[in-house]
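Residue-level structural notes
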Amino acid sequence: VQLVESGGGLVEPGGSLRLSCTASGFTFSSYAMSWYRQAPGKEREWVAFITSAGGSTKYADSVKGRFTISRDNAKNTVYLQMNSLKPEDTAVYYCKASMGRWGQGTQVTVSS
């Protein structure tokens, strides 16, 4: 079982990034997926959730209206589209499958 995030980087405030998390070693389409993030010196926090078929999503209040979670079960990939990024969105972003497996994380830095 493996989850590999990609797409992080440095972006200016107001910019956009799309994170990807590609799964292998399990039946991706059978599991709900979530994104979490952890800023320096803070606890890891939940960001977004999507059901196994992608029919339902939920978001933390801090990202609602700016971030969109989606998935492509044919590609074993879950995405996080992040728009209108703010400096407080700076964190390491992790994907998590509902059986408990985490990815290794990808750094997102929002700074001018």
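My aim in this report is to walk through the structure given alongside it, one point at a time. (Residues numbered from 1 in each chain as written. Predicted model: local features only at pLDDT ≥ 70, side-chain atom pairs only at ≥ 80, totals over all residues. Heavy atoms only, no water.)

In this section: the overall build of the protein. When its secondary structure is counted, the protein shows zero helices and ten strands. Moving toward the C terminus, one meets the helices and strands of the protein in the order β-β-β-β-β-β-β-β-β-β. Relative to a compact globule of 112 residues, whose C-alpha radius of gyration would be 13 Å, the protein shows 13 Å and is just as compact. Along the first, second and third principal axes, the C-alpha set of the protein runs to 40 × 25 × 25 Å. Buried positions account for 40% of the 112 residues belonging to the protein. If you take every contact in the protein between residues at least 6 apart in sequence, the share linking residues at least 24 apart comes to 51%. Total accessible area computed for the protein in this model is approximately 5700 Å², and 45% of it derives from carbon and sulfur atoms. (Helix = DSSP H or I, 4+ residues; strand = E, 2+ residues; numbered from the N terminus. Rg over C-alpha atoms; globule rule 2.2 N^0.38 Å. Buried < 20%, exposed > 50% of the residue type's maximum accessible area, 1.4 Å probe, protein only. Contact = heavy atoms within 4.5 Å. Areas by Shrake-Rupley, 256 points an atom, 1.4 Å probe, with all protein chains shown as cover.)

The next thing to look at is the sheet that holds strand 3 (residues 17–24). With antiparallel pairing, the four strands of this open sheet are ordered in space as 1-3-8-7. Sheet topology places strand 1 (2–6) and strand 7 (67–72) at the edges, where each strand pairs with a single neighbour. For this sheet the average axis-to-axis angle between neighbouring strands, irrespective of direction, equals 15°. Where strand 3 meets strand 8 (residues 77–82), six bridges bridge the pair, whose relative direction is antiparallel. Bridge pairing in strand 8 links Leu17 to Met82. (Pairing = 2+ DSSP bridges. Axes fitted to C-alpha atoms, helices over the stretch in contact; angles between N-to-C directions.)

Any two side chains of opposite charge can pair, on the condition that their charged atoms come close. All chains considered together, the criterion is met by four salt bridges. Close ionic contact of Asp89 with Arg37 constitutes a salt bridge, the shortest N to O distance being 2.9 Å. Of the two residues, Asp89 sits in the loop between strand 8 and strand 9 (91–97) while Arg37 sits in strand 4 (residues 33–38), which places them 52 residues apart along the sequence. For Asp89, a relative accessible area of 1% puts it in the buried group. By relative accessible area, Arg37 is classed as buried at 6%. Here Lys64 and Asp61 are joined by a salt bridge, their closest N and O atoms 3.1 Å apart. Of the two residues, Lys64 and Asp61, both sit in the exposed class. Beyond isolated ion pairs, a larger network of salt bridges with shared partners links Arg37, Glu45, Arg66 and Asp89. (Salt bridge = Lys/Arg side-chain N within 4 Å of Asp/Glu carboxyl O.)

Bringing the state of the cysteines into the picture now. Within the structure shown, the criterion is met by one disulfide. Each disulfide pairs two cysteine sulfurs, and for Cys21 the partner residue is Cys95, the sulfurs being separated by 2.0 Å. Its torsion about the S-S bond being 55°, the disulfide of Cys21 and Cys95 is classed as right-handed. Taken as a pair, Cys21 in strand 3 and Cys95 in strand 9 lie far apart in primary sequence, 74 residues in all. In this structure, Cys21 and Cys95 share a single accessibility class: buried. (Disulfide = S-S within 2.5 Å.)

Turning next to the sheet that holds strand 5 (residues 45–50). Reading across from one edge, 2-10-9-4-5-6 is the order of the six strands in this open sheet, with mixed pairing throughout. Each edge of the open sheet is held by one strand with a lone partner, namely strand 2 (9–11) and strand 6 (57–59). When strand polarity is set aside, the average angle formed by the axes of neighbouring strands in this sheet is 25°. Two elements, strand 4 and strand 5, share five bridges in a ladder whose sense is antiparallel.

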